[in-house]
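Architecture at a glance
Residues per chain, in single letters:
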Amino acid sequence: MALGAFLLLAQDGSKFNGTWKGDGGQVRKLNFKDGIVFMEETQTNGRVILRQYPTKGQEITMTEGVWKDSKATGKMEGNKLVVETTMPNGTQWHDEWTLAADGKTYAALRVMVAGAGGAKGKGGGSPETFTKLE
């Protein structure tokens, strides 16, 4: 019974709610609402990036900033959020956020799958760790 309850909790995108600091110094404010994780990331140079990550298999179209008009489809797979995004210029991204069992960190992996105009993506990369501040 306890394991079942844990699995249900782990699949809830609200576990990403809060303020997180990345290895690179950027700060992400994440807010889960209506099946979507809304991200406001402030980079070390002060630039702000807004993005949405769907969690229930739905497709969304982003409406602001550098990701405006990008389409994303995502879902929770246990403690992992997996999102596929296509930008208006055709660039495709694969994101995986894996939440640690204690909920205090998550590993964020982003891979370019295909570049603009169908160019082959850059391939693998290393995940960045985000630590919960609040």
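As shown above, the structure is provided for reference.
Now for a description of the structure that goes with this document. (Residues numbered from 1 in each chain as written. Predicted model: local features only at pLDDT ≥ 70, side-chain atom pairs only at ≥ 80, totals over all residues. Heavy atoms only, no water.)

**Topic: the pattern of salt bridges**
- Tallying each qualifying case throughout the model produces five salt bridges.
- The partner of R28 in a salt bridge is E41, with the nearest N and O atoms 2.5 Å apart. Of this pair, R28 sits in strand β2 (residues 27-33) while E41 sits in strand β3 (residues 36-42); the two residues are 13 residues apart in sequence, bridging distant segments of the chain. Side by side, R28 and E41 carry an identical accessibility label, which is buried.
- Across the salt bridge formed by K75 and E77, the nearest N and O atoms sit 3.8 Å from each other. (Salt bridge = Lys/Arg side-chain N within 4 Å of Asp/Glu carboxyl O. Helix = DSSP H or I, 4+ residues; strand = E, 2+ residues; numbered from the N terminus. Buried < 20%, exposed > 50% of the residue type's maximum accessible area, 1.4 Å probe, protein only.)

**Observations regarding the environment of Q52**
- Tracing the chain through its elements places Q52 in strand β4 (residues 48-54).
- Sequence-wise, Q52 and V37 are 15 residues apart; in three dimensions their C-alpha atoms are separated by 5.7 Å.
- Those residues in contact with Q52, other than ones at most four positions away along the chain, are I36, V37, F38, I60, M62, T63 and A72. (Contact = heavy atoms within 4.5 Å.)

**A look at the pairing of strand β1 (residues 18-22)**
- Within β1, four of the five residues are buried, which leaves the element mostly enclosed by the surrounding structure.
- Relative to β2, β1 runs antiparallel, the two sharing four bridges. The residue of β2 that forms the bridge with T19 is K29.
- Between β1 and β2, which pair antiparallel in sequence order, lie four residues; one of them, G25, sits at a positive phi of approximately 95 degrees.
- For β1 and strand β10 (residues 128-132), the ladder comprises three bridges, and the chain directions are antiparallel. Among the inter-strand pairings, G22 is bridged to a residue of β10, identified as F130. (Pairing = 2+ DSSP bridges.)

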